[in-house]
Amino acid sequence: MKKSSKMDFRCEELEADLIRKNASECGLSTSNYCRQVILGYRPRKRLTDEELETLTDVRKLCADMVHITNLFRQGKYKSMMVEVADLALRLKEIVYGV
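Residues numbered from 1 in each chain as written. Predicted model: local features only at pLDDT ≥ 70, side-chain atom pairs only at ≥ 80, totals over all residues. Heavy atoms only, no water.

Caption draft 1: Geometry of a negative patch on the surface. Where like charges cluster on the molecular surface, the negative patch consists of Asp49, Glu50, Glu51 and Glu53. Here Glu53 lies in helix H3 (residues 49–74). (Patch = residues over 30% accessible without salt bridge, like charges linked within 9 Å, V, L, I, M, F, W, Y side chains within 5 Å. Areas by Shrake-Rupley, 256 points an atom, 1.4 Å probe, with all protein chains shown as cover. Salt bridge = Lys/Arg side-chain N within 4 Å of Asp/Glu carboxyl O. Lys, Arg positive; Asp, Glu negative; His and termini not counted. Charge placed at Lys NZ, Arg CZ, Asp CG, Glu CD. Helix = DSSP H or I, 4+ residues; strand = E, 2+ residues; numbered from the N terminus.)

Have a look at this one:
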């Protein structure tokens, strides 16, 4: 839909800087950010590369935990111990950056 109406509003320079910063962090233009906030949406900030990598690692660990639980249910305890040891090492790498 074509946007044909224009609205302006006044704010302090500090507020304008904060609006620009928040819009940038969400990957939006200032006008699009303001439009979304005014209409009741909560734009999400983009994740940094480091945050995306951590999220990917956590998702992999979650899948590993499901795999371990399935091994436990099947009675494959030796395989489970190897999986748990591997998981512990991966967690240390993520937490301590080893």
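Caption draft 2: Layout of a nonpolar patch on the surface. A cluster of nonpolar side chains, contributed by Ile38, Leu39 and Tyr41, occupies part of the molecular surface with about 390 Å² of accessible area. Here Leu39 is to be found in the loop between helix H2 (30–38) and H3.

Caption draft 3: Up close: the state of the cysteines. Taken as a whole and judged by the stated rule, the model has zero disulfides. Cys34 forms no disulfide, and the closest cysteine sulfur to it belongs to Cys11, at a distance of 8.0 Å. Relative accessible area serves as the criterion here: at 13%, Cys34 is assigned to the buried category. (Disulfide = S-S within 2.5 Å. Buried < 20%, exposed > 50% of the residue type's maximum accessible area, 1.4 Å probe, protein only.)

Caption draft 4: Focus on the pattern of salt bridges. Per the counting criterion, the structure on display carries five salt bridges. When the shortest N-O distance is used, the salt bridge between Lys45 and Glu25 registers 3.0 Å. Separated by 20 residues along the polypeptide, Lys45 in the loop between H2 and H3 and Glu25 in helix H1 (residues 13–26) bring together distant segments of the chain. We classify Glu25 as partly exposed; its relative accessible area is 27%. One continuous salt-bridge network, built from bridges that share partners, spans Glu13, Asp17 and Arg20.

Caption draft 5: How the structure looks around H3. Counted at 1.5 Å a residue, the expected span for H3 with its 26 residues is 38 Å, and the 38 Å between its end C-alpha atoms agrees. Taken residue by residue, H3 has Asp57, Leu61, Asp64, Ile68 and Leu71 as its buried positions. (Expected span 1.5 Å × (residues − 1).)

Caption draft 6: The arrangement of the side chain of Asp64 in detail. As for its position among the elements, Asp64 is in helix H3. In this structure the side chain of Asp64 is engaged in a polar contact, spanning 2.3 Å, whose partner is the side chain of Arg90. Sequence-distant contacts of Asp64, defined by excluding residues within four places in its chain, comprise Leu87 and Arg90. (Polar contact = N/O pair within 3.5 Å; in protein donor to acceptor, adjacent residues only side chain to side chain. Contact = heavy atoms within 4.5 Å.)

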